[in-house]
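Results of the structural survey
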Amino acid sequence: MTMSRSVHPIIAPPMHPFLWGTPDEARPLGDGSRGLLSAMLGIDADSGSRPELDDVRLTDSSLSDADREALEAIVGAAAVSTDRDQRVGRARGKSYLDLLEWRSGDVVAAPDACVAPADEDQVLEVLELCAERGVAVVPFGGGTSVVGGVNPVRGEFSSVISLDLGSFRGVEDLDEVSGEVTLGAGLTGPEAEELLAEKGWSLGHFPQSFPYATIGGYAATRSSGQDSAGYGRFDEMVRALTVVTPTGIVEAGHAAPASAAGPDLREVFLGSEGAFGVITKVRVRVHRKPEVVRHEAFRFPDFASGTAGVREVAQLGAGPTVIRLSDEPETMVNLAGATESIGEMNMNPGCLCITMYEGPAGSDADVEARMARTREILEANGGESAGAAPAEAWEHGRFGAPVLRDALLDAGALCETLETATDWSNVAALHAAVGEAVTEALAPAPAFVLCHISHVYPTGASLYFTVIGAQSDDPRGQWRRTKDAASRAIIDGGGTITHHHAVGADHRPYLAEEIGEVGVAVLRGIKSAIDPAGIMNPGKLVP
C-alpha cells in the first residue's frame, strides 16, 4: 500500500516566520491573562505591537550563479529558489530568541537558496555537489525547532541552502500483521495520521508541535509526544531509517524486531539533527486507530504527593495513554486547562493531574480496567478525582497554547519553555533548583516559573518548565543569561540538558559536560567519517 500527496517542488513553510502557526490562528490574550500580566508583572497588554513582515530585512543571497546552475541541473530549475518568501520562512525556528530577532530590527541571516530534491538519488547528488563546492546544507521539515536547530549558519562556507523535504510525503508498505509502516520524512503529523486513519491505523505521536512538525523532524530530534505513556517516545517507535549522507545512502535498522548484529546504526541518526545526513524515510511501529477513549483528572494537595502517585503509576505499569502532573503555580494559572482559560486564576489549591486512556474498538473493558487501576494508585497517594472535564478540556486545547506566546511577546512579556529529565529520586531537588535559578536570574523583575511532569518512565520523568516575565531593555541578553542559569542548574543538579527539544545550537555549549570527552570524540568521529567537508547543518549538535 502506497499513499502520498502531490506537491509542488517547493512549498513555502505554512507557518508565519515569526508566529506559531498562521495569522488566521492568532488569538488575543484573554481577560485572565491580561489581568495576570498587569497585576503580577506590571505589563500593559494593550500597548503591544507586532512588526510587519515586509519591513524585516534579510541577508542577500550569496549563492553563485555557477552553484545555482549546478543545483538546477540536478533537481530542475523549479526546485531551486532564491525568492524571499521561501528564504524568509526558513530563516529561523520558533524559539523565544528566534522570535525576538524578528522583532529586533536587525538584519536576519537567511538561507541563500531553497532546494527541493525529488528522491534520495537527487539528495545524494546535491550533498556531493555541496561538499565539493563548500556549500552548507540545512535539512528543513516543519521549522518548529525551539533550540536554533534550523537556523542557517554560513560560517566558513560560500553559501548555505535549505534542503526542503516536501517531496518525501509518501506512506508505504503498511504491514497490518506486524503493525509497521514506512513514512516519508516530509509528512506532517496531521498528514500522517490522516493517511493512516484511512486504513484504520494511527501513529499516536502528538508533541505540542504536532500541527506542523514532520516525521523526519521527530526522528532527527528524538521527539516525545504527549501520549508517550501509552505509545512511547518516537525513537522507540522507529524500526528503520533511510538517511542520505554526503558519502552515501544508509539503511539504518535491521530486518528483525531485535538484533545482536553489532551496534544499532539507528542510534547514530536518531537525534542527529541533520548534522550527519538527511533522513528521508522512517519505518515505524503503528497501532490500530483508537475507538475507545476515557478521561479523568485528579487533584493532589501538593507536587510531592502527586509525583509519588505518578511515579507509582509508571512503575506498576497501570497503563494510561497520557499522564501529566502540573505543579502548584502551573495549576494556579490554569496552564493545563482549556486554552481560553489560561491565565485565569484557579482557586482550587494543589496540583492537577491529567490522565487519558485509549484502546481499539471493542477494548472497553481493558480501558476501564486500566483507568480503575490508575485511579486506585493515585487515590492511594492522596489524589482526589476531579472527573473527566479538566482532562477533556486539556485534550481539546493541547496544541493551542503556543499560539498565545505571540500575543505575550507583542505585549512585551518574556515567554519561553525549557525541559529536562531525571530520576524519580531527584525530581523534587531538580524542580526546585531550576525554579530558583530562573527566578534569581530574572530578579529583581517578577516572573512566573511553571512546571509539569509530561513524560514518565519506570526510573524517572521529564520536567517541563514555562517561564513568563517582563522583558528588560535587552530581552535577548536577559533570556541568554536566564537560560544559561537554568542549564547550569540542570547539569549541576543531575538532569539531562534536553529531554525532547534536542540540542541544536542552544544546548550545544553544554553537551560536552553531559557526554564527556570520549563521547564528544565519538560524535566528531562520526561527523568526520560521513560528512568530511562538514557541510551538514553546521553549528548544531556536535561540540
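None of the values given here were measured: they were computed from a predicted structure.

For the rest of this paragraph, the subject is the overall build of the chain. Within the chain, the regular secondary structure consists of 18 helices and 19 strands. Referenced to the eigenvectors of the C-alpha coordinate spread, the extents of the chain come out at roughly 70 × 60 × 45 Å. Relative to its full complement of 543 residues, the chain shows a buried share of 59%. Counted over contacts in the chain with a minimum sequence separation of 6, partners at least 24 positions apart contribute 78%. Per element, the accessible surface of the chain, about 20,700 Å² overall, is 51% carbon and sulfur. Within the chain, the 77 negative side-chain charges are centred at a point lying 1 Å from the centre of the 43 positive side-chain charges.

Another aspect to go through is the nonpolar core. As a rule of thumb, nonpolar side chains are buried together in soluble globular proteins. The biggest cluster of nonpolar side chains holds 63 residues, and the ones touching the most others in it are Leu37, Trp102, Val434 and Ile453. If you look at the next biggest cluster of nonpolar residues, it comprises 39 residues, including Ala220, Leu241, Val282 and Leu541.

The subject of this paragraph is the environment of Val286. In this fold, Val286 is placed in the loop between strand 11 (278-285) and strand 12 (287-288). Since its relative accessible area comes to 6%, Val286 is described here as buried. If near-sequence neighbours (up to four positions away) are discounted, Val286 is found in contact with Leu174, Gly179, Glu180, Val181, Leu196, Trp201, Ser202 and Leu203.

Quick look at the packing of helix 2 (residues 65-75) against helix 5 (residues 120-133) now. In the contact formed by helix 2 and helix 5, the axes pass within 9 Å of each other and the chain directions differ by 160°. Put simply, helix 2 runs roughly antiparallel to helix 5. Regarding helix 2 and helix 5, the two cross each other, and that crossing is right-handed. Of the residues in helix 5, those in contact with Ala66, Asp67, Ala70, Leu71, Ile74 and Val75 of helix 2 are Gln122, Glu125, Val126, Leu129, Cys130 and Arg133.

On to the UniProt feature "domain: FAD-binding PCMH-type" (unreviewed entry) in the chain, then. Those residues carrying the UniProt feature "domain: FAD-binding PCMH-type" (unreviewed entry) are residues 107-289 in this numbering. In residues 107-289, the share of helix is 23% and the share of strand is 28%. The end C-alpha atoms are 47 Å apart.

What follows concerns the environment of Pro543. Residue placement: Pro543 occurs in the segment after helix 18 (508-530). In this structure the C-alpha to C-alpha distance between Pro543 and Glu191, which are 352 residues apart in sequence, comes to 35 Å. Those residues within four positions of Pro543 in sequence are excluded, and the remaining contacts are Arg508, Leu511, Ala512, Val520, Leu523 and Arg524.

Further remarks concern the side chain of Lys483. Relative to the assigned elements, Lys483 resides in helix 17 (residues 475-492). No salt bridge is formed by the buried Lys483, whose closest oppositely charged neighbour, Asp506, lies at an N-O distance of 4.9 Å. Once residues within four sequence positions are removed from consideration, Lys483 is found in contact with Leu418 and His507.

Counted according to the given criterion, the structure contains 27 salt bridges. In this structure, Arg294 engages Asp364 in a salt bridge whose closest nitrogen and oxygen atoms are separated by 3.5 Å. Residue Arg294 is found in strand 13 (residues 292-300), and its partner Asp364 is found in helix 13 (residues 364-380); the two are separated by 70 residues along the sequence. The structure contains a network of salt bridges with shared partners spanning Arg222, Arg233, Asp235 and Glu267.

This part covers the sheet that holds strand 2 (residues 80-81). Remark on secondary structure: sheet strands pair via backbone hydrogen bonds, oriented parallel or antiparallel. Reading across from one edge, 2-3-5-4 is the order of the 4 strands in this open sheet, with mixed pairing throughout. Unpaired on one side and paired on the other, strand 2 and strand 4 (135-140) mark the two borders of the sheet.

On the surface, a cluster of negative charge is made up of Asp119, Asp121, Glu125 and Glu128. Along the polypeptide, Glu128 turns up in helix 5. Residue classification places Glu128 among the partly exposed positions, given a relative accessible area of 40%.

Reading guide: rules and limits
- Throughout, a residue's number is its position along its own chain's written sequence, starting from 1.
- At least 70 in pLDDT is required for a residue's local features to be given in this predicted model, at least 80 for side-chain atom pairs to be given and counted, and no such filter applies to totals for whole chains, interfaces and linings, which use all residues.
- With hydrogens and water set aside, each side-chain value is computed from the structure's full complement of heavy atoms.
- Helix and strand labels come from DSSP, where a helix needs a run of H or I of at least four residues and a strand needs a run of E of at least two; each type is numbered from the N terminus.
- Buried means the residue's accessible area, taken with a 1.4 Å probe over protein chains only, is under 20% of the maximum for its type, while exposed means over 50%, and partly exposed covers the values in between.
- The contact criterion used throughout is that any non-hydrogen atoms of two residues lie within 4.5 Å.
- All accessible areas in this document rest on Shrake-Rupley with a 1.4 Å probe, and a residue is counted as covered only by the protein chains that are shown.
- Positive charges are assigned to Lys and Arg, negative charges to Asp and Glu, while His and the chain termini are left out of the count.
- Just so you know, the charge point we use is NZ for Lys, CZ for Arg, CG for Asp and CD for Glu.
- What we call a nonpolar core is a set of buried Ala, Val, Leu, Ile, Met, Phe, Trp, Tyr and Cys residues that are connected through their side-chain atoms within 4.5 Å.
- Fitted lines through C-alpha atoms serve as axes, helices being fitted only where they are in contact, and the angles separating the N-to-C directions of these axes extend from 0 to 180 degrees.
- An angle counts as roughly parallel when it lies under 35 degrees, as roughly antiparallel when it exceeds 145, as roughly perpendicular when it falls between 65 and 115, and as oblique in every other case.
- Put simply, a crossing is left-handed when the front helix is turned counterclockwise from the back one by less than a right angle, and right-handed when it is turned clockwise.
- UniProt positions are given in the numbering used here, feature names are shortened, and annotations may be inferred rather than shown by experiment.
- Counted as salt bridges are all cases of a side-chain nitrogen of Lys or Arg within 4 Å of a carboxyl oxygen of Asp or Glu.
- Here the rule is simple: two strands pair whenever DSSP picks up at least two bridges between them.
- Any residue with relative accessible area above 30% and no salt bridge may belong to a patch, with like charges joined within 9 Å and the nonpolar Val, Leu, Ile, Met, Phe, Trp and Tyr side chains within 5 Å.

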